[in-house]
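# Summary of structural features
What follows is the residue order along each chain.
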Amino acid sequence: MGDAPGMLAGHPDRERWNARYEGRDAVSFEPHPLAVRALSLRPPDGPVADLACGPSGSALLAASAGRRVTAVDISDVALGLLAREASRRGLAGLITVVQADLRAWRPDAGGYAIVLCTGYWDRAVFAAAAGAVTAGGLLGWESLTDAARRRRPSLCAGWCVGPGEPAALLPPGFAVLDLRDVPSAPHGAKRLMLARREA
Ligand SMILES: C[S@@+](CC[C@H](N)C(=O)[O-])C[C@H]1O[C@@H](n2cnc3c(N)ncnc32)[C@H](O)[C@@H]1O
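Residues numbered from 1 in each chain as written. Predicted model: local features only at pLDDT ≥ 70, side-chain atom pairs only at ≥ 80, totals over all residues.

## Some points on the overall build of the protein
For clarity, the threshold we go by: What counts as a helix is a DSSP run of H or I of at least four residues, what counts as a strand is a run of E of at least two, and both are numbered from the N terminus. Note on method: radius of gyration uses C-alpha positions; expected globular size equals 2.2 Å times residues raised to 0.38. Field definition: a residue is buried when 20 or more other C-beta atoms are found within 10 Å of its C-beta, exposed when 12 or fewer are, and partly exposed for counts in between, with C-beta atoms placed from the backbone.
A tally of regular secondary structure across the protein gives 6 helices and 8 strands. Listing the helices and strands of the protein from first to last along the sequence gives α-α-β-α-β-α-β-β-α-β-α-β-β-β. Taking 199 residues into account, the globule formula puts the C-alpha radius of gyration at 16 Å, and the protein, at 16 Å, falls close to it. Across its three principal directions, the C-alpha atoms of the protein cover 40 × 35 × 30 Å. Among the 199 residues that make up the protein, the fraction classed as buried is 42%.

## A few points about the site of the ligand
Rules: Defining nearness, a residue is near a molecule or strand when the C-beta atom obtained from its backbone falls within 6 Å of it. Classification used: nonpolar for Ala, Val, Leu, Ile, Met, Phe, Trp, Tyr, Cys and Pro, charged for Asp, Glu, Lys and Arg, polar for all others including Gly.
What surrounds the ligand is a group of 17 residues, the closest being Trp 17, Ala 52, Gly 54, Thr 118 and Gly 119. Partitioning the shell around the ligand into residue classes produces 7 nonpolar, 6 polar and 4 charged.

## Some words on the pairing of strand 8 (residues 190-197)
For clarity, the cut-off: Whether two strands pair comes down to DSSP finding at least two bridges between them.
The element strand 8 is extensively covered by neighbouring structure, given that 7 of its 8 residues are classed as buried. The sheet contact formed by strand 5 (residues 133-145) and strand 8 spans 7 bridges and is antiparallel. For Leu 144, the partnering residue across the bridge sits in strand 8 and is Lys 190. As defined by bridge partners, strand 7 (residues 174-182) adjoins strand 8 across 8 bridges and the pair is classed as antiparallel.

## A closer look at the environment of Ala 83
Put simply, the rule reads: Contact definition: two residues whose C-beta atoms, as placed from backbone geometry, lie within 7 Å.
If you trace the backbone, Ala 83 turns up in helix 4 (residues 76-88). In the structure, Ala 83 is positioned 23 residues away from Leu 60 in sequence and 9.6 Å away in space, judged by C-alpha atoms. Excluding residues that lie within four positions of it along the chain, Ala 83 makes contacts with Ala 92 and Val 97.

## A few points about the packing of helix 1 (residues 12-22) against helix 4
Working note: a packed helix pair is described by the angle between its axes plus the distance between those axes. Worth spelling out the cut-off: Fitted lines through C-alpha atoms give the axes, limited to the stretch in contact for helices. The angle between two N-to-C directions lies from 0 to 180 degrees. We call two directions roughly parallel when the angle between them is under 35 degrees, roughly antiparallel when it is over 145, roughly perpendicular when it lies between 65 and 115, and oblique otherwise.
For the pair helix 1 and helix 4, the least separation of the axes is 7 Å and the interaxial angle reads 45°. One way to sum up the angle between helix 1 and helix 4 is to call them oblique. For the pair formed by helix 1 and helix 4, the contact residues are Trp 17, Asn 18, Tyr 21 and Glu 22 on the first element and Asp 76, Val 77, Ala 78 and Leu 81 on the second. Broken down by class, the residue content of the contact of helix 1 with helix 4 amounts to 5 nonpolar, 1 polar and 2 charged.

## A short note on the packing of helix 2 (residues 33-40) against helix 3 (residues 57-64)
Stated formally: Should the near helix be turned anticlockwise from the far one by less than a right angle, the crossing is termed left-handed; should it be turned clockwise, right-handed.
Between helix 2 and helix 3, the shortest axis-to-axis distance is 9 Å and the interhelical angle comes to 20°. With respect to helix 3, the axis of helix 2 lies roughly parallel. Helix 2 and helix 3 meet at a crossing whose hand is right-handed. On the side of helix 2, the interface is formed by Ala 35, Val 36 and Leu 39, while helix 3 contributes Ser 58, Leu 61 and Ala 62.

## Topic: unusual backbone geometry
With omega at 0°, the peptide bond leading from Glu 165 into Pro 166 counts as cis. With respect to the helices and strands, Pro 166 occurs in the loop between strand 6 (160-161) and strand 7. Phi is positive for Ala 52, which is not a glycine, with a value near 55°. The residue Ala 52 is located in the loop between strand 1 (48-51) and helix 3 in this model.

## Topic: helix 2
This is how it is decided: In this context, the arc is that of the directions from the helix axis out to the C-beta atoms.
Of the residues making up helix 2, those classed as buried are Leu 34, Ala 35, Ala 38 and Leu 39. Looking straight down helix 2, one finds its buried side chains confined to an arc of 125°; they lie on one side. Structurally, helix 2 contributes buried residues whose contacts are with helix 3, strand 4 (112-118), strand 5 and strand 8. The positive-phi residue at the C-terminal boundary of helix 2 is Arg 42, with phi of around 50°.

Below, the structure written as structure tokens:
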């Protein structure tokens, strides 16, 4: 699993998220609505990248649709849960799990028909993700917004998109297909965006 897990041993993000996943009683493997929508829009042939994937139902859905999936997360516990479920469903051959810090890992430019990232925000990761979308492909993103910090002041500002983001950060050649805020989401206000790169 992954590219250099040893280097991530003491990483605070890994420790925090491993502890959360280890404490979970059950995992739903429900695909994210952005993944469902993106797959329904008949994107071009090609693989899917799921960044900060967790034990991702979206990766499982994409693989069940015949897509190769690269699923990246810093939590080896989350990736283990995903890998086990993929094996149970006979999808292991289609899903590559990569344990990596997204601040250091970069997807191949233009390499993916769909790039998904839900529940995570970093501007540099967003820029790399947009660059990884192939012509005609889709970028789906969900992140907390500044409004979430008003309810949870302890939230790090860097985890939340500001006004107009992430759409305002899309490079030229992307069209926004869907953009909406969910102000009363359980963990704080969040924003969902789906965009297509012109063919
Ligand atoms: C809120 S969860 C979202 C999981 C999944 N995408 C979803 O929508 O349910 C955030 C995920 O980001 C991962 N993560 C946090 N920091 C990371 C980092 N620096 N590099 C890679 N993944 C990270 C966590 O392990 C966790 O699985």
